[in-house]
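Residues per chain, in single letters:
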Amino acid sequence: MIRRHRNDRPGTQAPFDFVQLKSRLTTRRRFLIQAAGGSVALLFGLRNAAAAEYDPWPTLDAVTRHLLPSEPDSPGAAEIHALDYLRFVTGDPLVDREERDLILQGNQWLDQLSQERYQTVFPALSAEQKEQLLRQVARSTAGENWISTLLTYLFEALLTAPAYGGNPDGIGWLWLEYVPGFPLPVPGNRYPDLPL
Amino acid sequence: MSSDFDVCVIGSGAGGGPVAYSLASAGYSVVVLEKGPWLTESHFTKDELACCRRSVYTPALRDEQHVIEEPGADHGWNAEAGEQSGWNFWNGNCVGGSSNFMSGYFHRLKPVDFKLLSTFGPIDAANVIDWPIEYADLEPYYDKVERLIGVSGKAEPHTNAEPRSSADFPFPPTVEHPISQHIDQAAQALGFHALRVPRAILSQPAMQRRACEYSGFCGSFGCSSGAKGSSRAALLDHAVASGRCEVRPHSQVFRLETDAQGRIIAAAYYDKEARPRRVDARIYVVACQAIETSRLLLASIGPKFPGGLANNHGQVGRNLLFSAGGAGSGDMVFADHDAAESAALRVVGPFVNRALDDWYTIDDPRLGHAKGGIIEFLWDHPNAVTRAQNAKWRDGELVWGAPLKRRLETWFRTDRTLNFEVFNDWLPTDDCFVALDRGVNDRWGNAVARVRIGAHPHDQRVGRFLAAKGEQLLRRLGARRISSSVGPAPPPNLQAGGCRFGNAPENSVLDPDCRAHEVDNLFVSDGSFMPTGGSVPYTFTIYANSFRVADRIIDQLGGCPRTAG
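Sequence positions are assigned chain by chain, starting from 1 and proceeding in written order. Labels are handed out in written order, letters beginning with A for the chains and numbers beginning with 1 for the ligands. Local features in this predicted model are restricted to residues of pLDDT 70 or higher, and side-chain atom pairs are both shown and tallied only at a pLDDT of 80 or more, whereas totals for entire chains, interfaces and linings draw on every residue.

Another aspect to go through is the overall build of chain B. Think of it this way: any DSSP run of H or I at least four residues long counts as a helix, any run of E at least two long counts as a strand, and we number them from the N terminus. The helix and strand inventory of chain B stands at 13 helices and 24 strands. A compact globule built from 565 residues would reach a C-alpha radius of gyration of about 24 Å, and chain B, at 23 Å, matches this within 12%. With C-beta atoms placed from the backbone, the exposure class of a residue follows from how many other C-beta atoms lie within 10 Å of its own: 20 or more, buried; 12 or fewer, exposed; in between, partly exposed. A buried classification covers 58% of the 565 residues belonging to chain B. A separation threshold of at least 6 residues defines the contact pool for chain B, and within that pool the share at least 24 residues apart is 73%. Radius of gyration means the value over C-alpha atoms here, while the globule rule gives 2.2 Å times the residue count to the 0.38 power. Residues are defined as contacting one another if the C-beta atoms placed from their backbone atoms lie within 7 Å.

Quick look at the structure:
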């Protein structure tokens, strides 16, 4: 790729329709958050006090396992160590704070919706109930943004270098018959390790 | 009066490197101020996160951004800051600049590029002028770049081949992909002439750099072997080794200070700890990439320059150029080929190295006698996450679960996408320029660049003409799902102009030597000098011109090396 496209960081390439969709979602998310008072918690209608006590990881685990399920012949969120990777992402200062908040705080919102509809938290739902609730969530702009963001980071966990915590032994690359480049980053020259 | 250095170079990319290298080689003392860090081969890996998904080699947009003005309703302009839109106009802020991340497609300009106005005549609403130099003036420097940067290729007869002073390239072509032969055959069948593309990538070890290792990940990645001819690997490492060049990373220059006579007396910059510092030199060379070069001059007001350095004729920032054209693609479906061909299509590593250069000038019933361009063929960028991203949307709805996994399997396993990219001139107009924004500042509190990016409609007509040829070749190759897109949005990584050179201060910033008309110790050596950009990527020409400018600076400093070079 020689010509860089709109909204790409250096090097990335995407078809124009995707670029426009991504741009629209990004812009809309920023608009929504600003309209909600400037915080992701308010976007999801969460009270900050409640947000502080809430542990998002069990629900995030259940959501990512549903979005990328394990199958006999192909890895899912569990096999690609999606949670390990998301722990790296949510602690990474090079990921926008707003994005990290979105990843974590969407779970509490989902659990509240789950309680309202099924009187239990999301991880306790049946697969069919999970699917129905996520489909309902995806019909709202905030929910669509949240799930889209999770899918993006699941793709990263699946397809980026194992040194970042996901894709153990290149399991995602093997599944999709993808040939990675070399050399790959290892501890010591991963991007948080560089003398920037 | 003594100075800290003979020459202060601001920016370490393809515009700055040749000046630093040449002046240090000639015995002069040089300081290079680079806003980014100093990374080397050991830091560069095939890491999609680092290269393309996090702001590792470029600033975070919340810290440093651009305000972009796009065409709006009723012939007005809509301005949006980069942090809001996500539109990133940074291309590599580290020692060596964006040359670290280039793909190294090294086409020379052609003689016609130096005289567009006199060859094709004026175009309404375009500020086309002839260059004040000719191809013959730049040719020796193209030759020099081929040797010093290391260009691999093979000079072959072609209708539009540029005149050369050397018989062939100094290094043989890089290893080529099996698809390249198919492109040759398809082109021949269509009556086109496929051109073997020279690359700024070493096919053999040389100049203390290793040869290409063919990982298949080149453009947008820093090179871990040193084969890619970045300004850092090919020039600055040698300049520093001479003992006469000091590179200062993390040095963000925010103003060039001038005295009452209008001469520059110091470069003021922030160091890594955001402390303001100064350095002085006899000559200052600005090479920050086009947008940031204009921004620095506009921000450098002084007693003789109330509207910005070298801007008393109001020319700085005007006639900014990008590269017009667009991109197209077609899928080479494995099932359409036998097992051997299918395996050949999957090969990762070797380069396609093919372009169509049959329409550099066009005679067409609708376009008339017009400047055309080139069509470059290349495999789809190998970034995996980027490829997967497309799979999560279907008809505007999110897909997940098993259906998403089946889509990923199809998208990754069943075909390979062959792209083409069209390059044609981005005409200079009054609607494409750099100014200082009055509301948005960078993290040091200085005004960011406000960039209007209006495109001339003629550019898109030429681009569509060329894209149709690219699609024709993909059809002949047997690709499926062929499409292309030519639009007015600029590629942010292909910047030039803004301080164009010329003979008249009334319509140019720089003289033919790239010295500012209004400031005799200021040179600009990046792509800013170009009045028209040609129809190829800019890096080769930026390198060549920077070597030419370096010779003029040596002349101005007295010519005689003070020590053996």
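A count of helices and strands for chain A gives nine helices and zero strands. Ordering the α and β elements of chain A from the N terminus gives α-α-α-α-α-α-α-α-α. A burial count over chain A gives 42% of its 196 residues as buried.

A word on the interface of chain A and chain B. Contacts between the two partners involve 54 residues from chain A and, on the opposite side, 66 residues from chain B. Contributions of two or more residues to the side of chain A that touches chain B are made by helix H1 (16-35), helix H4 (57-67) and helix H8 (141-159) of chain A. Counting residues per element, the side of chain A that touches chain B draws most heavily on H8 of chain A, at eight residues. Of the residues belonging to the side of chain A that touches chain B, the class tally is 30 nonpolar, 15 polar and nine charged. The classification used treats Ala, Val, Leu, Ile, Met, Phe, Trp, Tyr, Cys and Pro as nonpolar, Asp, Glu, Lys and Arg as charged, and all other residues, Gly among them, as polar.

Turning our eyes to something else, we now look at the sheet that holds strand S5 (residues 194-196) of chain B. All names here are of chain B. The pairing criterion is simple: DSSP has to find at least two bridges between the two strands. Across the sheet, which stays open at both edges, the six strands sit in the order S5-S13-S16-S19-S12-S22 with antiparallel pairing between neighbours. Of all strands in the sheet, those bounded by a partner on one side alone are S5 and strand S22 (480-486). Each strand of the sheet is rotated relative to its neighbour by a mean of 25°, with strand direction disregarded. Sheet topology places strand S13 (residues 354-356) next to strand S16 (residues 373-379); three bridges connect them, and they run antiparallel. Bridging from a neighbouring strand, alanine 355 pairs with glutamate 376 of S16. Angles run from 0 to 180 degrees between N-to-C directions of axes, and those axes are lines fitted to C-alpha atoms, restricted for helices to the stretch in contact.

Turning next to the environment of phenylalanine 155 of chain A. Tracing the chain through its elements places phenylalanine 155 of chain A in helix H8. In sequence terms phenylalanine 155 of chain A and alanine 78 of chain A are 77 residues apart; their C-alpha atoms lie 13 Å from each other.

Residue and element names in this part refer to chain B. By the criterion of burial, strand S19 (residues 415-424) is predominantly enclosed, with eight of the ten residues buried. Summarising the sheet, strand S12 (residues 324-333) and S19 pair through ten bridges and their orientation is antiparallel. Following the sheet pairing, valine 333 is matched in S19 by aspartate 415. As paired strands, S16 and S19 are joined by seven bridges and run antiparallel to one another. By the bridge assignment, phenylalanine 377 is partnered in S19 with phenylalanine 420.

Looking now at unusual backbone geometry. Note the cis peptide between phenylalanine 182 of chain A and proline 183 of chain A, where omega equals -5°. Along the chain, the position of proline 183 of chain A falls in the segment after helix H9 (171-175). In this structure, aspartate 74 of chain B takes a positive phi of about 55° despite not being glycine. Of note in this structure, cysteine 514 of chain B is not a glycine but carries a positive phi near 70°.

Before going further, it helps to examine helix H7 (residues 231-241) of chain B. All names here are of chain B. Among the eleven residues of H7, nine are classified as buried, and the element is accordingly described as predominantly covered. For H7, the set of buried residues is Ser231, Arg232, Ala233, Ala234, Leu235, Leu236, Asp237, Ala239 and Val240. Against helix H1 (17-25), strand S2 (30-33), helix H5 (135-150) and strand S6 (245-248) lie the buried residues of H7. Looking at the residues trailing H7, positive phi occurs at glycine 243, about 85°.

Moving on, we get to the pairing of strand S20 (residues 432-441) of chain B. Residue and element names in this part refer to chain B. Pairing of S20 with strand S21 (residues 447-453), which is carried by six bridges, proceeds in the antiparallel orientation. If you follow phenylalanine 433 over to S21, its bridge partner there is arginine 452. A loop of five residues connects S20 with S21, the two strands running antiparallel in sequence, and glycine 445 in this loop sits at a positive phi of about 90°.

This part takes up the sheet that holds strand S24 (residues 522-524) of chain B. All names here are of chain B. The five strands lie next to each other as S6-S2-S1-S10-S24, forming an open sheet whose pairing is parallel. At either margin of the open sheet sits one strand with a lone partner, and together these are S6 and S24. Across this sheet, the average inter-strand angle for adjacent strands is 20°, counted without regard to direction. Pairing of strand S1 (residues 5-10) with strand S10 (residues 281-286) involves five bridges; the strand directions are parallel. Across the sheet, isoleucine 10 pairs through a bridge with valine 286, a residue of S10.

Our next topic: the environment of isoleucine 129 of chain B. Residues and elements named next belong to chain B. Along the chain, isoleucine 129 turns up in the loop between helix H4 (116-120) and H5. On the neighbour-count criterion, isoleucine 129 (21 C-beta atoms within 10 Å) is buried. Distance from isoleucine 129 to lysine 115, taken between C-alpha atoms, is 7.4 Å for residues 14 residues apart in sequence. Setting aside chain neighbours within four positions, we find isoleucine 129 in contact with Leu117, Gly502, Asn507 and Pro531.

What follows is about the nonpolar core. Core analysis: the largest hydrophobic core is formed by 209 residues, its most contacted members being Leu154 of chain A together with Val7, Cys8, Ala20, Leu23 and Val30 of chain B. Broken down by element, the residue count for this core peaks at eleven residues, all from H8 of chain A. Setting aside residues up to four positions removed in sequence, leucine 154 of chain A forms contacts with Thr64, Leu67, Leu68, Ala77 and Ala82 of chain A. Linking buried Ala, Val, Leu, Ile, Met, Phe, Trp, Tyr and Cys residues through C-beta atoms within 7 Å yields a set, and such a set is a nonpolar core.

Relative orientation and spacing of two packed helices are given, respectively, by the angle between their axes and the distance between those axes. Residue and element names in this part refer to chain A. Contact geometry of helix H6 (residues 97-118) with helix H7 (residues 127-138) gives a least axis separation of 11 Å together with a crossing angle of 120°. Classified by the angle between their axes, H6 and H7 sit oblique to one another. For H6 against H7, the interelement crossing comes out right-handed. Across the interface between the two elements, Leu110, Leu113, Ser114, Arg117 and Tyr118 of H6 pack against Gln129, Leu133 and Val137 of H7. In terms of residue class, the contact of H6 with H7 is built from five nonpolar, two polar and one charged. These descriptions rest on fixed angle ranges, namely under 35 degrees for roughly parallel, over 145 for roughly antiparallel, 65 to 115 for roughly perpendicular, and the rest for oblique. Crossing handedness is read from the near helix: turned anticlockwise from the far helix by less than a right angle, it gives a left-handed crossing, and turned clockwise, a right-handed one.

Residues and elements named next belong to chain A. Of all the residues in helix H5 (residues 82-90), the buried ones are Ala82, Tyr85, Leu86, Phe88 and Val89. Considered in projection along H5, the buried side chains sweep an arc of 155° and stay on one side of the axis. Those residues of H5 hidden inside the fold are in contact with H4, H6 and H8. In this context, the arc is that of the directions from the helix axis out to the C-beta atoms.

Turning our eyes to something else, we now look at the packing of H4 of chain A against H6 of chain A. Residues and elements named next belong to chain A. Contact geometry of H4 with H6 gives a least axis separation of 9 Å together with a crossing angle of 85°. Considering the angle they form, H4 stands roughly perpendicular to H6. Contacts from Thr59, Leu60 and Val63 of H4 reach H6 at Asn107, Leu110 and Asp111. Here the residues of the contact of H4 with H6 sort into three nonpolar, two polar and one charged.

A separate point is the confidence of the model for chain B. Confidence along chain B averages 96 in pLDDT terms, with 99% of residues attaining 70 or more. Taken over the whole predicted complex, pTM reads 0.95, whereas the ipTM for its chain interfaces reads 0.94. Confidence of the predictor at the level of single residues is given by pLDDT, which spans 0 to 100.

This part takes up the environment of isoleucine 554 of chain B. Residue and element names in this part refer to chain B. Mapping isoleucine 554 onto the fold places it in helix H13 (residues 539-556). For isoleucine 554, a count of 22 C-beta atoms within 10 Å gives the class buried. Between the C-alpha atoms of isoleucine 554 and leucine 408, which are 146 residues apart in sequence, the distance is 57 Å. Aside from chain neighbours lying at most four places away, what touches isoleucine 554 is Ser22, Leu23, Ala26 and Gly559.

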